[in-house]
Amino acid sequence: MSTRILTAFFVLTALLVSPAEAQSSRSTVTGTVTDADGAPLPGAQIADVAFQRGTTAGPDGRYRLEGLPPGDHTLEIRFVGYQTAVREITLDAGETVTVDVSLKTRVLETEGVTVTGTARARSTLTTPQSVDVLGAEDLDTDRSAALGDVLSENVAGVSSIQTGSQAGKPVLRGLSGNRIRVLKDGIAQEYYQFGVRHFPTTSSNEAERIEVVRGPSSIQYGSDALGGAINVLTKDAPTADLNETQVGGTFRSQYFTNNNERAVGLDLEGARGSVGARAGFERRLSDNYTAPEERTFFEAEDKSPGPFNDPKYTGEIPFTNFEQWNGYAQVGTQGDFGSAQLYGDYWINRHNFLLPTGGPGAENADGQGQNLEHGNLVAKANLVADGFVIRPRLSLQTSIRQAGTADGDEILDFIDENGGFDDFDYPLDLKTDIYTGRLEVAHPKIGAVGGTLGAEVQLQDANTRGPAELQPTADTWNVGLFAFEEIDLAPWTLNAGVRGDFRTVDAEPNENTRAADKLENDYLTLSGALGANVKVADGVALAANLSSGFRAPSIFELYANGVHGGVAAFQVGDPDLDPERAYSADVSVRVRRDRLTAEVTGYANAINDYIFLENTGNRGPNGNLPEFAASQTDVLIPGLEAKVETQLRPWLHVGGQFTVLGGTGDGLGSDGGDGDLPLLPANNVQGFVHLTPDGQGPLRNPRIEVDLKRGFDKDAAGRFEPFSQFDGDFGPPFGTASTKAYTTVDASAESRFALGLGAQPSLRVAVRNVFDTTYRDFLDTYKGYALSPGRDVRVSLSVPF
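### Examining the overall build of the protein chain
For step 1, the next point in the chain: Looking only at helices and strands, the protein chain has seven helices and 43 strands in total.
For step 2, the next point in the chain: Taken over the C-alpha trace, the protein chain has a radius of gyration of 26 Å; the compact-globule value for 801 residues is 28 Å, and the two agree within 12%.
For step 3, the next point in the chain: For the C-alpha atoms alone, the extent of the protein chain along its principal axes is close to 75 × 65 × 50 Å.
For step 4, the next point in the chain: Within the protein chain, buried positions represent 61% of all 801 residues.
For step 5, the next point in the chain: Restricting to contacts in the protein chain with at least 6 residues of sequence separation, those with at least 24 account for 67%.
For step 6, the next point in the chain: For the protein chain, the exposed surface amounts to about 30,000 Å²; the carbon and sulfur share of it is 55%.
For step 7, the next point in the chain: The average position of the 67 basic charges and that of the 108 acidic charges among the side chains of the protein chain differ by 5 Å.

Have a look at this one:
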């Protein structure tokens, strides 16, 4: 069936556009890319992100980008070690325009182009929405096993819910999981995100860029995007000049000392004329992570319950090892009709989780083994016809989550000496197949108005296959229609959008189902957004947004009734839950100048019928685990985030950032009044110093960095906080749910190397937690019985060829 669908897709692609009409109306951009001294930059990349068209500068720095439709275009010009340049141009039919660009050495955060959460491609300075772009250079050497870790280390204001080295769940403005939409090329990724420890099953290995949108993004991405969206944009298929052949690739390797993590990856690409292919893989193996050696609960004299108790485990933390691999392949073509690609990937992560129930030492610890798998097969195109850009997408997606719990000896045998997994009978075995069809149509400008119309249909076929029926088998259908329009009235940019969604959930009862007569739920919702941006001076803009979003309850929140081993709790759903509704406002000031970049944003997000799990004070049926039940309330999350970076000398620049946010909900207080919201990151402030000395000998764009982070103390939100039992008077006499303030220091040094081989390899050596500081981060889910990681030396090598 999938083969027939994909064949039909490419036949439709070929028929949609008339070749004769395309040839007569296409335009061209040519020019030269140089450095500040006028020297050519061979290999510089020139991309029209919105149209997924790109080219590379030749040995003399010259480039030619052909086959562009008439109309407005936003070009992004980038080269490793230099600031990205953005150029906005307007093309007439058949016109050739020259755009010469001089790039400056990269010392500050650069501008960039975003296509996520906006009506059309815009620079991050002038779009009303609050967007950050993590580019290919950042992803090249500073990568890790967890998407949340990659983003929290590279994007200001993003936090991560951590569970060991391989599990990182992004947090935007205090929201995570089901309230943040993780996308790949605009297609929603499903990864059982209802769990606190369920992290995105998405690799950055095949990513060209990652765009992070803060604030409700339901206009384009529907349910689960009421807090923001993270879009992993994959590389375009390569191309070459007519009758020319081009081949190349990149080898990558990493080693982390803290958990003996080894990673190796390889990307290969080739093109003949307008047809190209690319494939790659990455493999990671890791032992247990290590924390500072401190006194454990078993050695403590005071074993009374309460917060800030000694952890059960320090030093080497048992059951935190993992293995991960991912691979991808793509083939595509581009021409005057536009572009078309077929893309596939598969990701596997097998790991252990440490549980709080074991005794002293690794030999007596308890753990849970998990197997996570995720695959995508996507056919996508950007087609141009009569001024319209048509973007069809067909996606077949599979997500698997398996878990099994045993005593320490059995789990330790679960991973053999090479890090591989033996056969294991998983009591919890979940598999979901997701079928998505999405169509976006960007229409030509009507006066000053341009924008995008879209439709999306998705079926989630969720199956519970193991004996541990934590949630029932169910089908979820969602149909969405949206329009997102933008008006250019220089210096103003205004946009507005509206979206309607209809969702149905149809579940099958099992022996654990508590409400067999309430297994069908329907939701009809409407979302809207208004945004404005005004450029008040060169490189200075003000932006404001008003938006609404929604989130329908998940299958788990509606019907769960069982033991969730990963969080050591018995969890209960509620089939009468209402959809969440978010109403958000934000105002920001942005500066992108040669020697100064800065942004300050204030926001408030009110969410009606916010769904959360409440510790009821009861025990599950077996009497051993606390019971957490789904409930709802109205909440308000206000916050302020800021970042600044300035160049004091040609070789010295400094900067910092801070994040302050709160969150209260009706009835969450101990007295029945307002109380704190769970799973909010602690307030924090960070500062850094970057040194960019002149390259000596083979060194190119060397960079030395020292970062300091201060995380402030934070109290758990009472019985509503996950793992709140570690703070209770009647809870375990070890660990904590509330956390104390701490300060950590990170450092790194990196450079590219000119070895006379053409492409320049890069090397990065970073040290996290330089002083091996003892701490427990508030969003570290091991804080109840272990410490956060200690010193970690990370070596990353990237060799293009």
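### A word on the sheet that holds strand S5 (residues 71-78)
For step 1, the next point in the chain: The antiparallel open sheet is built from four strands, whose spatial order is S3-S2-S5-S6. Each edge of the open sheet carries a strand with a single partner, namely strand S3 (53-56) and strand S6 (85-91). Within this sheet the neighbouring strands show an average axis-to-axis angle of 20 degrees, counted without direction.
For step 2, the next point in the chain: The sheet contact formed by S5 and S6 spans seven bridges and is antiparallel. Bridge pairing links glycine 71 to leucine 91 in S6.

### Points about the environment of leucine 542
For step 1, the next point in the chain: Looking at the element boundaries, leucine 542 is found in strand S30 (residues 540-551).
For step 2, the next point in the chain: For leucine 542, a relative accessible area of 36% translates into the label partly exposed.
For step 3, the next point in the chain: In this structure, the C-alpha to C-alpha distance between leucine 542 and glutamate 599, residues 57 residues apart in sequence, is 9.7 Å.

### A word on the environment of valine 591
For step 1, the next point in the chain: With respect to the helices and strands, valine 591 occurs in strand S33 (residues 580-592).
For step 2, the next point in the chain: Given a relative accessible area of 15%, valine 591 falls into the buried group.
For step 3, the next point in the chain: In this structure, the C-alpha to C-alpha distance between valine 591 and asparagine 258, residues 333 residues apart in sequence, is 38 Å.
For step 4, the next point in the chain: Residues contacting valine 591, with those up to four places away along its chain left out, are Gly539, Val540, Leu596, Thr597 and Ala598.

### Let's talk about the packing of aromatic side chains
For step 1, the next point in the chain: This model, assessed by the stated rule, comprises 13 aromatic pairs.
For step 2, the next point in the chain: Look at phenylalanine 612 and phenylalanine 720: their rings are 5.3 Å apart centre to centre, the planes differ by 75 degrees, and that puts the pair in the edge-to-face class. Taken together, the positions of phenylalanine 612 in strand S34 (residues 596-619) and phenylalanine 720 in the loop between strand S40 (699-711) and strand S41 (742-753) put the pair 108 residues apart, joining distant regions of the chain.
For step 3, the next point in the chain: You can call phenylalanine 612 buried: its relative accessible area is 8%.
For step 4, the next point in the chain: Here tyrosine 782 and tyrosine 785 contribute two aromatic rings whose centre-to-centre distance is 5.8 Å and whose plane-to-plane angle is 65 degrees, an arrangement assigned as edge-to-face. For the pair shown, tyrosine 782 and tyrosine 785 are each scored as buried.
For step 5, the next point in the chain: Taken together, the ring pairs connect Tyr289, Phe297, Phe298, Tyr313, Phe726, Phe734, Tyr782 and Tyr785 into an aromatic cluster.

### Structural notes on the pattern of salt bridges
For step 1, the next point in the chain: Scanning all chains against the criterion turns up 44 salt bridges.
For step 2, the next point in the chain: Notably, a salt bridge pairs arginine 794 with aspartate 149, separated by 3.8 Å at the nearest N-O pair. Pair noted here: arginine 794 is in strand S43 (residues 792-800) and aspartate 149 is in helix H4 (residues 147-154), with a separation of 645 residues, a long-range link.
For step 3, the next point in the chain: In this structure aspartate 149 comes out as buried when scored by relative accessible area, which is 9%.
For step 4, the next point in the chain: The structure contains a network of salt bridges with shared partners spanning Asp132, Arg173, Arg214, Asp586, Glu641 and Lys643.

### Comments concerning the pairing of strand S36 (residues 652-661)
For step 1, the next point in the chain: The element S36 is extensively covered by neighbouring structure, given that seven of its ten residues are classed as buried.
For step 2, the next point in the chain: Relative to S36, strand S35 (residues 626-649) runs antiparallel, the two being bridged by ten bridges. Along S36, the bridge assignment pairs leucine 640 with valine 660.
For step 3, the next point in the chain: Between S35 and S36, which follow one another and run antiparallel, lie two residues.
For step 4, the next point in the chain: Note that S36 and strand S39 (residues 684-691) share eight bridges and pair antiparallel.

### Quick word on unusual backbone geometry
For step 1, the next point in the chain: Cis geometry marks the peptide bond from alanine 490 to proline 491; its omega dihedral reads 10 degrees.
For step 2, the next point in the chain: The phi torsion at aspartate 609 lies on the positive side, around 60 degrees, for a residue other than glycine.
For step 3, the next point in the chain: Residue classification places aspartate 609 among the partly exposed positions, given a relative accessible area of 27%.
For step 4, the next point in the chain: Even without being glycine, asparagine 701 reaches a positive phi, approximately 50 degrees.

### Structural notes on a nonpolar patch on the surface
For step 1, the next point in the chain: Residues Phe251, Tyr255, Val264, Leu268, Phe281, Leu763, Val765, Val795, Leu797 and Phe801 make up a contiguous nonpolar surface patch of roughly 760 Å² in combined accessible area.
For step 2, the next point in the chain: Along the polypeptide, tyrosine 255 turns up in strand S18 (residues 245-256).

### Let's talk about the sheet that holds strand S17 (residues 228-234)
For step 1, the next point in the chain: Ordered by their spatial adjacency, five strands build an open sheet running S11-S16-S17-S14-S15, and the pairing between neighbours is mixed. Two strands lie at the open edges of the sheet, namely strand S11 (130-134) and strand S15 (187-188), each paired on one side alone.
For step 2, the next point in the chain: Across seven bridges, the pairing between strand S16 (residues 207-214) and S17 is antiparallel. Within S17, the position partnered with alanine 207 by the bridge is threonine 234.

### Concerning the nonpolar core
For step 1, the next point in the chain: Leu151, Ile210, Val212, Ile230, Ile607, Tyr610 and Leu677 are the most contacted members of the largest nonpolar core, which has 30 residues in total.
For step 2, the next point in the chain: Those elements giving two or more residues to this core turn out to be H4, S16, S17, S34 and S35.
For step 3, the next point in the chain: By residue number, the principal contributor to this core is S34, which donates four residues.
For step 4, the next point in the chain: Not counting chain neighbours up to four residues away, the residues in contact with tyrosine 610 comprise Leu175, Arg179, Glu580, Ser631, Gln632, Thr633, Val635, Leu677 and Pro678.
For step 5, the next point in the chain: Of all hydrophobic cores here, the second largest spans 25 residues; its members include Phe297, Ile317, Phe726 and Tyr782.

### Here we look at the side chain of aspartate 132
For step 1, the next point in the chain: With respect to the element layout, aspartate 132 can be found in strand S11.
For step 2, the next point in the chain: Within the structure, the side chain of aspartate 132 is placed 2.5 Å from the side chain of arginine 214, a separation counted as a polar contact.
For step 3, the next point in the chain: One polar contact links aspartate 132 to lysine 643, side chain to side chain, over a distance of 2.8 Å.

### Considerations on the confidence of the model for the protein chain
For step 1, the next point in the chain: Per-residue confidence for the protein chain averages 86 on the pLDDT scale, and 92% of its residues sit at or above 70.
For step 2, the next point in the chain: Per-residue pLDDT stays below 50 along residues 14-23; that stretch engages in twelve contacts with residues further than four places along the chain or on separate chains.
For step 3, the next point in the chain: Here residues 407-421 scores under 50 on pLDDT; set against residues more than four positions off or in separate chains, the count is 37 contacts.

About the thresholds
- Residues numbered from 1 in each chain as written.
- Predicted model: local features only at pLDDT ≥ 70, side-chain atom pairs only at ≥ 80, totals over all residues.
- Heavy atoms only, no water.
- Helix = DSSP H or I, 4+ residues; strand = E, 2+ residues; numbered from the N terminus.
- Rg over C-alpha atoms; globule rule 2.2 N^0.38 Å.
- Buried < 20%, exposed > 50% of the residue type's maximum accessible area, 1.4 Å probe, protein only.
- Contact = heavy atoms within 4.5 Å.
- Areas by Shrake-Rupley, 256 points an atom, 1.4 Å probe, with all protein chains shown as cover.
- Lys, Arg positive; Asp, Glu negative; His and termini not counted.
- Charge placed at Lys NZ, Arg CZ, Asp CG, Glu CD.
- Pairing = 2+ DSSP bridges.
- Axes fitted to C-alpha atoms, helices over the stretch in contact; angles between N-to-C directions.
- Phe/Tyr/Trp six-rings, centres within 6.5 Å; stacked < 30°, edge-to-face > 60°.
- Salt bridge = Lys/Arg side-chain N within 4 Å of Asp/Glu carboxyl O.
- Patch = residues over 30% accessible without salt bridge, like charges linked within 9 Å, V, L, I, M, F, W, Y side chains within 5 Å.
- Core = buried A, V, L, I, M, F, W, Y, C linked by side-chain atoms within 4.5 Å.
- Polar contact = N/O pair within 3.5 Å; in protein donor to acceptor, adjacent residues only side chain to side chain.
- pLDDT = per-residue confidence, 0-100.

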